[in-house]
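Read off the chains here:
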Amino acid sequence: MKIIYSFIAFIVVLMAGVGMVHAAQTEVSTDTSWVSEVASPGAYNHVRDGDVQQIDPEEYLNRYRAMLGVSELATSETLRQSAQNHADYLAINGQYQGDPHGQGESLPGFTGATPDDRCSAEGYGLYCTEVQAYGGGDLYSAIDALMMTPFHRVSMIHPGITEIGCAQNGSWMVCDLGLDISDYWSIVANSSDPIMYPADGQVISTTFLVTENPNPYPAHYGQFIGPTLMYWPAGGIIWPEAEVSVYDLTDGRSIDSILSVDTATGSAGNAIFFNPLEPLELDHEYAVHVIDISGDDLYEASWTFKTQQSSNIDFPNADQTIIYDAHVDWVDPSGGEVLVSVPNSGTSELIDRLKGYIMLAVDYHGEAWYVDPITELRYYLKDGPTAYEFLRSFGLGITNADLESIPTEDDAYGGGALAEQLSGRILLQIEEHGEAWYINPADLKRYYLADGDEAYRIMRELSWGTLLAAISGIPIGLVE
């Protein structure tokens with residue numbers, strides 16, 4: 001049985017100045033001429049080496065940074081307190097108007113509208129940014145999950161970050177990161193060594209759950225794909241152009257289906273990010289090759305990593321140990337698997353009741369949230385265009401014949417087997433022009449959504465009023 005500690009990740013991203021639009025898509029190669037030059041390290045290491053329970057979460061992140069050759073962060077009690085303030089606020093109020101890093105001034109627990117405001121209120125003298133996660137598990141498993149995300153990883157391992165403080169309240173985890181903003185990007189520009197993840201000889205999970213905000217791969221939101229691999233060139237190379245190759249040394253084959261992030265994306269920080277489309281195999285050795293294809297021969301590197309032997313626990317809690325030598329066993333010391341999932345059982349029951357419904361936060365400004373029956377996430381529909389894009393992304397194709405078997409809003413009665421099966425779903429007429437329909441779970445009738453504005457109006461009219469705190473436990477999805 002596979003256990004996933006699932007975290008939805010949110011980040012405040014510090015972006016370098018970009019004066020022009022530039023496309024720097026990473027190319028994928030299945031050339032294997034470089035593989036013969038790769039030397040397997042033989043022994044592999046994991047950040048869980050040793051007793052995790054005896055160290056602070058901040059020190060645990062420093063294990064990642066040390067493995068990657070990045071300077072250690074100092075733990076700041078001031079940042080811990082500002083992080084705790086925001087975690088406490090989130091536990092009371094949930095997200096503020098869809099902004100995970102914002103706070104409402106009139107709400108209980110308000111300590112500052114932005115991360116930097118909250119750090120300053122505690123007396124912190126440098127600039128402050130923030131990474132944040134929502135999910136099950138402890139701070140250690142949250143850091144593991146955050147390190148698998150592309151854009152959070154940039155902040156967490158950035159050489160310009162100098163201090164950290166982490167806190168947790170229930171399912172909310174917050175780490176505040178301190179830096180001298182004047183030196184932040186110059187440190188990368190002046191660095192002499194690239195950063196590669198996984199590090200050479202590192203053991204990692206086989207998967208990445210695509211729930212990061214901002215989202216690196218919108219078309220794959222909520223799906224498990226392969227782990228996030230990275231090459232961050234030294235010397236502050238702007239928008240690197242790269243060719244990447246991933247080779248399964250255990251099976252002797254190339255991985256030819258790979259997703260990549262445009263290196264010109266501001267959140268990427270000029271790092272080269274790429275993910276195998278499918279989760280990798282368990283207990284396999286892999287080799288990675290990255291080469292500059294700009295014509296300037298700025299970099300080329302090859303290295304190896306290994307995946308865990310068992311996927312029983314992808315992100316274990318601190319009291320769950322890992323035992324291995326040449327390979328990795330993820331072991332629950334009690335002798336039985338401890339199942340932790342997101343959402344918890346109480347929230348799962350709430351989701352089951354609200355699947356397909358649109359909820360209005362009547363205690364705020366009537367913000368509309370749609371609880372998607374498939375992803376079991378709630379999506380903020382802030383306006384007509386957002387609602388329309390949501391329909392395009394999540395609509396399910398349906399034939400005219402099947403659609404006609406579902407009663408319309410003008411019919412006296414709703415229902416039927418197909419209407420019950422598709423309750424709460426958005427349907428698109430594939431035999432026409434993609435006209436969109438919403439199956440209202442309350443009456444099992446279909447409602448025509450002519451365009452974005454009409455979709456927004458109808459969805460609000462069919463919505464149920466709620467307090468934001470009542471649905472804050474339902475994880476948030478990102479509408480792209």
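In case you missed it, the structure is sitting above this.
Here goes a summary of the coordinates provided.

Analysis parameters
- Residues numbered from 1 in each chain as written.
- Predicted model: local features only at pLDDT ≥ 70, side-chain atom pairs only at ≥ 80, totals over all residues.
- Heavy atoms only, no water.
- Helix = DSSP H or I, 4+ residues; strand = E, 2+ residues; numbered from the N terminus.
- Phe/Tyr/Trp six-rings, centres within 6.5 Å; stacked < 30°, edge-to-face > 60°.
- Buried < 20%, exposed > 50% of the residue type's maximum accessible area, 1.4 Å probe, protein only.
- Lys NZ or Arg CZ within 6 Å of the ring centre and 35° of its normal.
- Disulfide = S-S within 2.5 Å.

What about unusual backbone geometry?
Of the consecutive residues Tyr 197 and Pro 198, the connecting peptide bond is found in the cis state with omega at -5°. Mapped onto the elements, Pro 198 comes out in the loop between β7 (195-197) and β8 (202-204). The phi angle at Trp 239 is positive, at roughly 50°, despite the residue not being glycine. Relative to the helices and strands, Trp 239 resides in the loop between β12 (229-232) and β13 (242-248). With phi around 70°, Asn 270 is a residue other than glycine that occupies positive phi space. Following the sequence through the fold, Asn 270 ends up in the loop between β15 (258-260) and β16 (272-276).

So, the packing of aromatic side chains
Following the criterion strictly, the structure yields 13 aromatic pairs and no others. A centroid spacing of 6.5 Å and a plane angle of 70° characterise the contact between Tyr 370 and Tyr 438, whose relative ring orientation is edge-to-face. Taken together, the residues span a long stretch of sequence, with Tyr 370 in strand β22 (residues 367-371) and Tyr 438 in strand β26 (residues 436-440) at a distance of 68 residues. Assigned by exposure class, Tyr 370 and Tyr 438 land together as buried. Counting every residue linked through ring pairs, the aromatic cluster contains Tyr 60, Tyr 64, Tyr 140 and Tyr 197. The ring of Trp 437 is capped by Arg 446, whose NZ or CZ atom sits 4.7 Å from the centre of that ring.

A few points about the state of the cysteines
One pass over the structure, following the stated rule, counts two disulfides. With its sulfur 2.1 Å from that of its partner, Cys 119 forms a disulfide with Cys 128. Both residues of the pair, Cys 119 and Cys 128, count as buried. With its sulfur 2.0 Å from that of its partner, Cys 166 forms a disulfide with Cys 175. Note on the Cys 166 and Cys 175 pair: the S-S dihedral is about 105°, so by sign convention the disulfide is right-handed. Across the pair, Cys 175 and Cys 166 agree in class, each one buried. For the protein, the bonded cysteines connect in the pattern 1-2, 3-4 when numbered consecutively along the sequence.

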